[in-house]
Amino acid sequence: MSLDAQGRETTIEQEATIGLSQGQVIWKRFKKHKLAVISIFVLATTIILAFTSVGIVIGGNGQLVVDKETLLLRPDGWYIKGWWQWDWFTVGAKDLVNGAPTWNHPFGQDDIGRDIFARVMRGMQQSLLVTFIVGFLSTAIGVVLGSLAGYYRKWTDSVIMRVADIILIVPVLVLGAVLGRSVGGGALFLAIMLGLVAWPGLARLVRGEFLSLREREFVDAAVVSGASARHIIFKHILPNSIGVIVVNTTLLMSAAILIETSLSFLGFGITPPDVSLGQIINEYQTAFQTRPWLFWYPGLFIILIALCINFIGDGLRDAFDPRQRRDDFTKEGFFKSLFGGKKIEADHDEVIVGTTQRENI
Amino acid sequence: MFLFVARRTVATLMVLIVASFFVYVLTAYSGDPLQELRLDTTPAGIAKMNHAIEVLNLNTPPVLRYFTWLPGAMGCLIGQCDLGISLAKGEFPVTMLLGQAMGSTLQLITLASVLAIILGVAVGMTTALRQYSGYDYTVTFFTFVIYSLPVFWVAVLLKQYGAVELNKFIENPDIPIWLIIVLSIFMGFVVQAVLGGERRQRLISVAFGAVGTMVVLGFLTFTRWTTSPSIGIVGVALISFALAAIVLAASVGFSQKVPTMIMLGVAAFSTAMWYPVWYLLEVNQEQGFLWLLGVIIVFALVGWALGWFFGGEDRKSYSKLAAILGALTILPHLFNLFFVRWDNYKRLIQIKNGVIPTFGSETAGLNGDTWMGAFDVLLHMVLPTVALLLVSFAGYTRYSRASLLEVMNQDYVRTARAKGLSERKVITRHAFRNAMIPIATIVALDIGGLIGGAVITEDIFGWSGMGALFALGLRVVDVNLVMGFFLVSGVAIVIFNVVADLIYSALDPRIRVS
């Protein structure tokens, strides 16, 4: 124990955070999780690579149209080309008979000479789009509805939770498949549909947080000093449950990419002529023995994205939950312990990656 | 409690009805059920289409058509299910199709779930006991990786390496000497990482792991065992005693004489029964599975009796353990029965496909006896089981690790240590049991979700279960089929939700359902 500037006693834990804002404390804790920090860089690089290399299409219906000037095929909508020399839809000559990787086509070509790197990058764009839209949309809906249900209780709570029950009872994959078929094959529509049905889990968690937090003294204090309900919800209670929300959003996002690729694999998600990683794998799964490059790259990139998001979520969980101090995946912790022996008393349990988030597919 | 179940049932029934309405309408609008029939413009084709329109009531808009479907579905409450007919499956009633699909889905998920729970809990708990060890870090890292794997991608890899390559290996089990040495050293390293302990104990573990691996691999490659595997009395003895060692290691340890002798006795009994069991099961093939069940019960009873009469003061727990071991030791006998049929089996199947198949749930037209049929189904289950296993395994590992870590920090564990119990007793008697409470509820929820079938796994491996039914129904817009699937999966989820709550309150007296 030592004394701080005001002469109060401070614990070791407090000393580590003295003079730092909430955000700085969290960032400091987050940085300790080396794999999460690496994951952020990898994910950022992947995003930049995916969206700059083959260019982007804004708007349009996902179909291919004939360009009036060049008389070549191009995607519908506003198409901005990227720096990569090939695109994902143009059929061309094959460098090698079986389309094996060459300097020109580092990931190889498929049977009609399309560049696999370009196709994988386009698929990544779609998957990333779905991931982030689902994450954003379902978090927004889940947080708002969960807060309302937990704060107002009574009939508001009943109505919202019954709606959540109705959605929860249908497996996400089933709901996504039915909705995906109903609205057509675009990534944007699929993402919005998935986002509209993925919120109940989070809403339940936020509601639980609110139910316990609203009984705390600081809420009473806010009520007594005349704060409005909106002010209490957004300024007092919500910041206190931000940890749960952030962590679950990352879990939702990593589940979203697996669900999107799975749906596209089954043919219920993104459909040709547009490209999705799941769809590429489905298309070429029989070619695995003879032309494995058609198969390895899309799968590895799915894993890369999902893994990065999962690690970032793990890092955020450590950072947001001040009760625990873990050395998992920190440099010192890992190397010292690699050959056994080091025994650190566990500070606390960890909140775990929920299997309920992951569909058994 | 009755009130709790009743109220939950009524509430969820309403939820189910509303959800079913949305699923019905959405499915109906997701495509054209007559797409294929429309292409056929011959009079016969048109007649077919008119017939379809008539039997499926397609001229009624979906919103109204739902209300013609609902009464039949509500009939399920009083035991008279009528879920309509499925056009895609040759106009068979959906209830019949669901029955068949449920059977094969249950067959698939039971084994996968049981294995996932056992492996997941074992690995999760050992990592918790060796927290912050290299083993812990490695397992944690790989559970994250497994968690991020798309099932359909893994399935294709499994088909290649779990079937095609493995079949080649079975036919030609040549492992180069250098690979045996590398694998042995690796296994030695793994064993010491899992078992942990002081340096001396670790060195012993390395030696055991390495030598054991070397012996097994050497045996495989030099006797070419996989080309015509057999178990025989030696195999039954080896496996029975190994099982006894595992059960001992996981419970009371080897230090006490009484339980060790009891377990050895059970294993010896199993070995002695090698020929009688074989004879019994070979002769009584007509009701083979009943006889098998009988043998399992007898084995368990013998184990229980051994534990009871020689167990002394701790007879209650020893007799339970011995009964479990007794039931487990049926496994080598079963494989003995299977492997005897190996050569015949290879002759009957198309050998170019190899022994481990990549598609379907059984070999069509296999003219074998009961046990060969069972063996055939088991081999077909290998790949889908592994695929399903991976995902749940990662989840259970994370859960049980976290759960045990939480429990180990509780005051009652400290009390147990303080009153002088051995660490083993603290873990098996106090920590483990309490750590299992949340796992039990998670298992219940997971199984509820799995009954709906594993859509992708079944699709890839051609397993004709619930998931395949759903995928087919949605592809051809067969609303009745999709609704049948939804009803079963929805009800399963609801039931197992209630079961999870009840399990929780039964295991943890602090929780009361109300």
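Just so you know, these numbers come straight off a predicted model, no measurement behind them.

## Thoughts on the overall build of chain A
And then number 1: In terms of helices and strands, chain A carries 14 helices and six strands.
And then number 2: Taken across its 361 residues, chain A has 50% of its residues classed as buried.
And then number 3: Taking contacts inside chain A between residues at least 6 apart in sequence as the whole, the part at least 24 apart equals 66%.
And then number 4: Put simply, chain A shows about 17,100 Å² of open surface, and 64% of that area lies on carbon and sulfur atoms.

## Some points on the overall build of chain B
And then number 1: Regarding its fold elements, chain B presents 22 helices and two strands.
And then number 2: If one aligns the C-alpha atoms of chain B with their principal axes, the spans along those axes are about 80 × 60 × 45 Å.
And then number 3: By the burial criterion, 47% of the 514 residues in chain B qualify as buried.
And then number 4: Here the contacts in chain B between residues at least 6 apart in sequence split such that 73% fall between residues at least 24 apart.
And then number 5: Just so you have it, chain B exposes about 24,900 Å², and 70% of that area is on carbon and sulfur atoms.

## Concerning the environment of arginine 181 of chain A
And then number 1: Note that arginine 181 of chain A resides in helix H6 (residues 172-183).
And then number 2: Taking the C-alpha atoms as reference points, arginine 181 of chain A and lysine 154 of chain A, 27 residues apart in sequence, are found 37 Å from one another.
And then number 3: Setting aside anything within four residues of it in sequence, one finds arginine 181 of chain A in contact with Phe268 of chain A together with Ser30, Gly31, Leu474, Arg475 and Val477 of chain B.

## Here we look at the confidence of the model for chain A
And then number 1: The predicted model of chain A averages 77 in pLDDT, with 82% of residues at 70 or higher.
And then number 2: Low pLDDT, under 50, characterises residues 324-361 of chain A; the predicted model gives this stretch 117 contacts beyond four residues in sequence or across chains.

## Notes on the pattern of salt bridges
Residues and elements named next belong to chain A.
And then number 1: A full pass over the atoms with the stated rule returns 15 salt bridges over all chains.
And then number 2: In this structure, the salt-bridge partner of glutamate 283 is arginine 119, at a minimum N-O distance of 3.8 Å. Of the two residues, glutamate 283 sits in helix H12 (residues 277-284) while arginine 119 sits in helix H4 (residues 116-152), which places them 164 residues apart along the sequence.
And then number 3: Connected through shared salt-bridge partners, Arg114, Arg119 and Glu283 make up one network.

## Overview of the packing of aromatic side chains
Describing an aromatic ring pair means giving the distance of the ring centres and the angle of the ring planes.
And then number 1: As enumerated under the stated definition, the model contains 35 aromatic pairs over all chains in all.
And then number 2: Between the aromatic rings of phenylalanine 311 of chain A and phenylalanine 144 of chain B, the centroid separation amounts to 4.9 Å while the plane-to-plane angle is 20°, which identifies the pairing as stacked. With phenylalanine 311 of chain A in helix H13 (residues 293-320) and phenylalanine 144 of chain B in helix H6 (residues 134-147), this pair bridges two chains.
And then number 3: Judged by centre distance (5.7 Å) and plane angle (70°), the ring pair of phenylalanine 21 of chain B and phenylalanine 22 of chain B falls under edge-to-face.
And then number 4: Among the aromatic residues, ring-to-ring pairing joins Trp225, Phe335, Phe338, Phe339, Trp342, Tyr345 and Phe375 of chain B into one connected group.
And then number 5: Seen from the ring of tyrosine 151 of chain A, arginine 214 of chain A lies directly overhead, with NZ or CZ sitting 5.3 Å from the centre.
And then number 6: Cation over ring: arginine 315 of chain B sits above tryptophan 308 of chain B, and NZ or CZ is 4.9 Å from the ring centre.

## Observations concerning the confidence of the model for chain B
And then number 1: Mean pLDDT over chain B stands at 84; residues scoring 70 or higher make up 98%.
And then number 2: If you check the scores for this complex, the pTM reads 0.82 and the ipTM reads 0.80.

## Concerning the nonpolar core
And then number 1: Val120 of chain A together with Trp69 and Trp153 of chain B are the most contacted members of the largest nonpolar core, which has 156 residues in total.
And then number 2: In terms of residue count, the dominant contributor to this core is H13 of chain A (13 residues).
And then number 3: Counting 20 residues, the second largest nonpolar core, distinct from the first, contains Ala128, Leu389, Val407 and Val413 of chain B.

## Details of helix H15 (residues 330-340) of chain B
And then number 1: Among the 11 residues that make up H15 of chain B, eight are buried, leaving the element largely enclosed by the rest of the structure.
And then number 2: Within H15 of chain B, burial applies to Ile330, Pro332, His333, Leu334, Asn336, Leu337, Phe338 and Phe339 of chain B.

## Some details on the packing of helix H10 (residues 232-250) of chain B against helix H14 (residues 315-328) of chain B
For any two helices packed against each other, the geometry comes down to the angle between their axes and how far apart the axes lie.
Residues and elements named next belong to chain B.
And then number 1: Interhelical geometry of H10 versus H14 gives an angle of 145° and a closest axis separation of 10 Å. Handedness of the H10/H14 crossing: right-handed. Facing H10, whose interface residues are Leu243, Ala244 and Val247, H14 presents Leu321, Leu325 and Leu328.
And then number 2: Broken down by class, the residue content of the contact of H10 with H14 amounts to six nonpolar, no polar and no charged.

## A closer look at a nonpolar patch on the surface
All names here are of chain B.
And then number 1: Taken together, Leu280, Leu290, Trp291, Leu293, Ile297 and Leu301 make up a surface patch of nonpolar side chains, about 560 Å² in accessible area.
And then number 2: Sorting elements by how many residues they give to the nonpolar patch places helix H13 (residues 288-310) first, with five residues.
And then number 3: Among the structural elements, leucine 293 can be located in helix H13.
And then number 4: With relative accessibility at 47%, the residue leucine 293 sits in the partly exposed group.

## Regarding the domain arrangement of chain B
And then number 1: In terms of domain boundaries, chain B breaks down into domain 1 (1-130 + 395-514) and domain 2 (174-223).
And then number 2: Computed over C-alpha atoms, the centres of domain 1 of chain B and domain 2 of chain B are 42 Å apart.

## Points about helix H8 (residues 200-213) of chain A
All names here are of chain A.
And then number 1: Helix length check: H8 (14 residues) gives 20 Å between terminal C-alpha atoms against 20 Å at 1.5 Å per residue, within 8%.
And then number 2: Of the positions making up H8, those classed as buried are Pro200, Leu202, Ala203, Val206, Phe210 and Leu213. Around the axis of H8, the buried residues are gathered within 150° of arc, so they sit on the same side.

## Quick look at the side chain of threonine 260 of chain B
Residue and element names in this part refer to chain B.
And then number 1: Take threonine 260: it is sitting in helix H11 (residues 257-272).
And then number 2: Its relative accessible area of 15% is what places threonine 260 among the buried residues.
And then number 3: In terms of polar contacts, threonine 260 uses its side chain to reach the backbone carbonyl oxygen of glutamine 256, at 2.5 Å.
And then number 4: The contact partners of threonine 260, leaving out residues within four places of it in the chain, are Leu248, Gly253 and Phe254.

## As for a positive patch on the surface
Residues and elements named next belong to chain B.
And then number 1: A cluster of basic residues, Lys316, Lys320, Lys425, Arg429 and Arg433, forms a positive patch at the surface.
And then number 2: Breaking the positive patch down by element, the ones donating at least two residues are H14 and helix H19 (423-451).
And then number 3: Here the positive patch takes three residues from H19, the largest share from any one element.

## As for the environment of threonine 90 of chain A
Residue and element names in this part refer to chain A.
And then number 1: Structurally, threonine 90 is set in the loop between strand S6 (78-80) and H4.
And then number 2: Among the residues examined, threonine 90 registers a relative accessible area of 40% and is labelled partly exposed.
And then number 3: Considering only alpha carbons, one finds threonine 90 and leucine 175, 85 residues apart in sequence, at a separation of 34 Å.
And then number 4: Apart from the residues within four sequence positions on either side, threonine 90 is in contact with Gly113 and Arg114.

What counts and how
- Residues numbered from 1 in each chain as written.
- Chains lettered and ligands numbered in written order.
- Predicted model: local features only at pLDDT ≥ 70, side-chain atom pairs only at ≥ 80, totals over all residues.
- Heavy atoms only, no water.
- Helix = DSSP H or I, 4+ residues; strand = E, 2+ residues; numbered from the N terminus.
- Buried < 20%, exposed > 50% of the residue type's maximum accessible area, 1.4 Å probe, protein only.
- Contact = heavy atoms within 4.5 Å.
- Areas by Shrake-Rupley, 256 points an atom, 1.4 Å probe, with all protein chains shown as cover.
- pLDDT = per-residue confidence, 0-100.
- Salt bridge = Lys/Arg side-chain N within 4 Å of Asp/Glu carboxyl O.
- Phe/Tyr/Trp six-rings, centres within 6.5 Å; stacked < 30°, edge-to-face > 60°.
- Lys NZ or Arg CZ within 6 Å of the ring centre and 35° of its normal.
- Core = buried A, V, L, I, M, F, W, Y, C linked by side-chain atoms within 4.5 Å.
- Axes fitted to C-alpha atoms, helices over the stretch in contact; angles between N-to-C directions.
- Left-handed = near helix turned anticlockwise from the far one by under 90°.
- Nonpolar A, V, L, I, M, F, W, Y, C, P; charged D, E, K, R; others polar.
- Patch = residues over 30% accessible without salt bridge, like charges linked within 9 Å, V, L, I, M, F, W, Y side chains within 5 Å.
- Domains from an automatic or database assignment.
- Expected span 1.5 Å × (residues − 1).
- Arc of directions from axis to C-beta.
- Polar contact = N/O pair within 3.5 Å; in protein donor to acceptor, adjacent residues only side chain to side chain.
- Lys, Arg positive; Asp, Glu negative; His and termini not counted.
- Charge placed at Lys NZ, Arg CZ, Asp CG, Glu CD.

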